[in-house]
Amino acid sequence: MSAKKALITGITGQDGSYLAELLLAKGYTVHGLIRRSSAFNTQRIDHLYQDPHDPDARLLLHYGDLADGSRITTLLERLQPDEVYHLAAQSHVRVSFDEPEFTGSTTGLGTVRLLEAIRMTGLPCRFYQASSSEMFGMTPPPQAENTPFHPRSPYAAAKVYAYWATRNYREAYGMFAVNGILFNHESPRRGETFVTRKIARAAARIARGEQEFLYLGNLEARRDWGYALEYVDAMWRMLQCDQPDDYVVATGTSHSVRDFLGFCFEHAGLDWEKHVRFDERYLRPSEVPDLIGDATKARRELGWQPSVYAPELARIMVDAELRLPAGPAPLREVPS
Ligand code: NDP
Ligand code: GDR
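Here the residue numbers are simple positions, counted from 1 along each chain's written sequence. Chains and ligands are labelled by the order in which they are written, letters from A for the one and numbers from 1 for the other. A pLDDT threshold of at least 70 governs which residues receive local features in this predicted model, and a stricter bar of 80 or more applies before side-chain atom pairs are shown or counted, although totals over entire chains, interfaces and linings include all residues.

Asks: Any chance you could break down the site of ligand 1 for me, citing the residues and the numbers?
Replies: Each residue receives a C-beta atom built from its backbone; the residue is near a molecule or strand if that atom lies within 6 Å of it. Around ligand 1 sit 25 residues in total, of which G10, G13, D15, A89 and A130 are the nearest. Comment: elements are numbered from the N terminus, with helices defined as DSSP H or I runs of at least four residues and strands as E runs of at least two. Among the secondary structure elements, those contributing two or more residues to the shell around ligand 1 are α1 (14-25) and β5 (126-132). In this classification, Asp, Glu, Lys and Arg are treated as charged, Ala, Val, Leu, Ile, Met, Phe, Trp, Tyr, Cys and Pro as nonpolar, and every other residue, Gly included, as polar. Considering only residue class, the shell around ligand 1 consists of 8 nonpolar, 14 polar and 3 charged.

Asks: Help me get a handle on helix α6 (residues 195-207), residues and values and all.
Replies: Taking 1.5 Å per residue, 13 residues should reach 18 Å; α6 reaches 18 Å between its end C-alpha atoms and fits that length. For the exposure call, what matters is how many other C-beta atoms sit within 10 Å of a residue's own: 20 or more marks it buried, 12 or fewer exposed, and in between partly exposed, using C-beta atoms placed from the backbone. In terms of burial, α6 is a largely internal element, 12 of the 13 residues being buried. Among all positions of α6, only V195, T196, R197, K198, I199, A200, R201, A202, A203, A204, R205 and I206 are buried. A pair of residues counts as a contact when their C-beta atoms, built from backbone coordinates, are within 7 Å of each other. Tucked into the core, α6 has its buried residues touching β7 (185-186), β8 (214-216), α8 (257-267) and α10 (310-323). Looking at the residues trailing α6, positive phi occurs at G209, about 75°. Here the expected span of a helix is defined as 1.5 Å times the quantity of residues minus one.

Asks: Quick one: what's the story with the sheet that holds strand β3 (residues 59-63), residue by residue and with numbers?
Replies: One key point about sheets: their strands pair by backbone hydrogen bonds, in either a parallel or an antiparallel sense. The criterion for strand pairing is that DSSP finds at least two bridges linking the strands in question. Pairing within the open sheet is parallel, and its 7 strands lie in the order β3-β2-β1-β4-β5-β6-β11. The two strands at the open ends of the sheet, each matched to only one other strand, are β3 and β11 (247-249). Pairwise comparison of adjacent strand axes, ignoring direction, gives a mean angle of 20° for this sheet. In this structure, strand β6 (residues 177-182) lies alongside β11, joined through 3 bridges in parallel fashion. To obtain an axis, a line is fitted to C-alpha atoms, over the contacting stretch when the element is a helix, and the angle between two such axes runs from 0 to 180 degrees between their N-to-C directions.

Functional significance is not addressed by these values, which are geometric in nature.
Quick look at the structure:
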């Protein structure tokens, strides 16, 4: 049997980069959808780059945008992937309050454009939807596959739409389409404006004397934080099952933003209370107070379980920032 072909949307993001590494190591040919931008946006996958003129290249990139359904259709028809990992999205919850319509179009409708492209081309491929613990929103923990959704942001509402679209294409057309309901997962490759990376970066910069203060919003929110490197393996496992189904992926533990501050600053030899200031611009109009995932089903049926929990994750992230030769660059955040 010839090697499998995968298409990853969102390959330039945190998860896409780890998933591309995993699939290449398994012998896949990996196709990635990337957005055309005025400057290169491929930093997270530059170490995987292969010359496309090389006939043996197994990582191949293609321009495309979730807004462009016809491009997605013709690309799928040409590439004929065995597996589609749909990770691309406007993924920032706070930003989704500023750009609700755009978030609905990319994060919600983008999934439908892909599903519809698969249906129209008649491809017998397997489809992974990057669903999110944000869909549970206000529903108290622990949250498992059958827990009701109560989305608290335009982002979460768009993900609920995409979740149900994925289930509907499975039920209506018999497609092998699954939802991975992943709880927060972080890494040194996390986007700089998500809270864990923002904290880890600031702790390193303050320890080096490069900045004095870190501005944050709500410190009481609690999240189930795991390690992204381990979570992409669960995505792959879901597409290797005999039957398509939906799975929660989580550590089963939760910590507050305040706790995560403590883990990072202590590791950098600092007292966070001397350096953290409040900025209301980082608050959300409606917040998700507490997430703890119950990943029993993933452990039982996928054989997946995490090994890195929030305290170690914080150390991994601070160490990575401290290893950067010139020191991490200042954060150019755009609060609304
Ligand atoms: P990132 O924000 O790091 O990556 C998002 C990716 O989507 C980037 O490659 C980005 O491209 C691409 N993208 C955004 N908009 C478009 C568009 N219009 N057309 C094409 N590509 C686009 O996200 P993560 O890697 O952290 O997350 C991956 C997926 O999993 C997302 O769907 C996210 O919502 C979801 N998720 C994430 C969790 C987490 O804790 N990380 C938890 C649960 C779900 P570019 O690089 O050009 O910006
Ligand atoms: P989240 O991640 O919203 O859970 O979504 P984020 O790191 O943005 O926020 C986590 C919690 O920290 C609080 N917070 C701040 N957040 C940010 N970004 N910046 C701050 O300054 C700040 N101060 C406090 C937030 O209010 C929140 O409670 C992530 C994304 O990856 C989604 O795409 C994904 O679906 C979910 O995780 C699971």
